[in-house]
Amino acid sequence: MNPREWPIIHFYYGPGPNPAKIALFLAETGMPFEAIPVDTYRGAQHDPAFRAINPNCKVPALIDTDGPQGSPAILFDSTAILLYLAEKTGEFLGTAQDRPQLLSWLMFVATGLGPFSGQAVHFQHAAPEGLDYAVHRYRREAERHYQILNDHLEGRSFIVGDHYTIADMSAWGWLDWAARVMKDEDRPLERWPNLSRFMDMMNARPAVDHAHAIMNGHAFKTVMDQDARQAMYPTSFSPVSKGTES
């Protein structure tokens, strides 16, 4: 079946690197989809209707109206969604021999590059001032992950094998936020020439412009006021739970 003939995908997104990865995959494949904005600064991720799709109350999430055996499939977490869509379409998975490395580098982004970059962004841009240890800890860990990927890309065009894969899309999502991760650096990837080269290659792809257009298709709230902080970081405003005394 031609991808443009597939039943529609409902793509729930908000601003950020993880939804951007999915926007890029959809742009690359031309799969028909409906982009549904979830304004996380306004707390839309906590609405019961969205929580039924993703109990973790985060974007992205996705409903494939033609999932396994023709039933709707509900997915959340960007890595799970990338794997699902790549397997559904048979695209951007690399070769069978690439599979172990594909999974390894996907998880490197999912459990390392992404979370540490995200915490670096949080403590530099959203957290109260004076948390110098946290800023140092997460900024340096993000830099360490940058260096690992930079070293891996020496002499390589792509992260896995000889072909463009979802591992490249996943890394692109977070490296596209390098200016926020590496706050106050005019050229945030200058210290990592292979990452800079990789991003130049990625950003030359027409689908990247399309992905950015998808992500910019809604005017999300951008002011990090108290309401936004409570919506984005609800556990920071919850009372500390007390254990039962024995």
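Residues numbered from 1 in each chain as written. Predicted model: local features only at pLDDT ≥ 70, side-chain atom pairs only at ≥ 80, totals over all residues. Heavy atoms only, no water.

Draft legend 1. Structural context of the sheet that holds strand E4 (residues 73–76). Across the sheet, which stays open at both edges, the four strands sit in the order E2-E1-E3-E4 with mixed pairing between neighbours. Strand pairing shows two members of the sheet lacking a second neighbour, strand E2 (33–37) and E4, which therefore form its edges. Here the strands of the sheet are splayed against their neighbours by 15° on average, with no regard to which way each runs. Lying on the sheet, helix H1 (residues 17–29) is in contact with strand E1 (9–13), E2 and strand E3 (61–64); it crosses E1 at an angle near 150°. The sheet strands contacting helix H3 (residues 78–89) are E1, E3 and E4, and the helix crosses E4 at an angle near 135°. (Pairing = 2+ DSSP bridges. Helix = DSSP H or I, 4+ residues; strand = E, 2+ residues; numbered from the N terminus. Axes fitted to C-alpha atoms, helices over the stretch in contact; angles between N-to-C directions. Contact = heavy atoms within 4.5 Å.)

Draft legend 2. Representation of the pattern of salt bridges within the structure. Following the criterion strictly, the structure yields twelve salt bridges and no others. With its nearest N and O atoms 3.0 Å apart, the salt bridge here joins Lys88 to Asp64. In this pair, Lys88 is assigned in helix H3 and Asp64 in strand E3, connecting sequence segments 24 residues apart. Among the salt bridges present, the one from Glu143 reaches Arg140, with a minimum N-O distance of 3.3 Å. (Salt bridge = Lys/Arg side-chain N within 4 Å of Asp/Glu carboxyl O.)

Draft legend 3. Inspection of helix H5 (residues 132–152) at higher detail. Helix length check: H5 (21 residues) gives 30 Å between terminal C-alpha atoms against 30 Å at 1.5 Å per residue, within 8%. Residues of H5 that are buried include every one of Ala134, Arg139, Glu141, Ala142, Glu143, His145, Tyr146, Leu149, Asn150 and His152, and no others. Packing partners of the buried residues in H5 comprise helix H4 (99–125), helix H6 (166–175), helix H7 (178–181) and helix H8 (193–203). (Expected span 1.5 Å × (residues − 1). Buried < 20%, exposed > 50% of the residue type's maximum accessible area, 1.4 Å probe, protein only.)

Draft legend 4. How the structure looks around the pairing of E4. Here E4 shows one buried face, formed by Ala73 and Leu75, and one open face, formed by Ile74 and Phe76. Note that E3 and E4 share four bridges and pair antiparallel. When the bridges of E4 are listed, Asp64 appears paired with Ala73.

Draft legend 5. Expanded view of the packing of H4 against H5. Closest axis-to-axis distance for the H4/H5 pair is 8 Å, and the angle between their directions is 150°. Regarding the angle of H4 to H5, the classification is roughly antiparallel. Considering only the axes of H4 and H5, their crossing is left-handed. Contacts between H4 and H5 involve Gln101, Trp105, Phe108, Gly112, Leu113, Phe116, Ser117, Gln119, Ala120, Phe123 and Gln124 from the former and Ala134, Val135, Arg137, Tyr138, Arg139, Glu141, Ala142, His145, Tyr146, Ile148, Leu149 and His152 from the latter. Taken together, the residues of the contact of H4 with H5 sort by class into 13 nonpolar, seven polar and three charged. (Parallel < 35°, antiparallel > 145°, perpendicular 65-115°, else oblique. Left-handed = near helix turned anticlockwise from the far one by under 90°. Nonpolar A, V, L, I, M, F, W, Y, C, P; charged D, E, K, R; others polar.)

Draft legend 6. Summary view of the layout of surface pockets. One number sums up the size of the largest pocket: a volume of about 1400 Å³. Around the largest pocket, the lining is made up of 43 residues, and of these Asn18, Lys58, Trp174, Met232 and Tyr233 lie nearest the centre. Those elements giving two or more residues to the lining of the largest pocket turn out to be H1, H3, H4 and helix H10 (226–232). Sort the elements by how many residues they give to the lining of the largest pocket and H4 lands first, with nine residues. Counted by class, the lining of the largest pocket contains 21 nonpolar, 17 polar and five charged residues. (1 Å grid on protein atoms, 1.4 Å probe; cavity = no way out; pocket = protein on both sides within 12 Å on 5 of 7 lines; lining within 4 Å. Points joined across faces, edges and corners; volume = space filled by probe spheres on them.)

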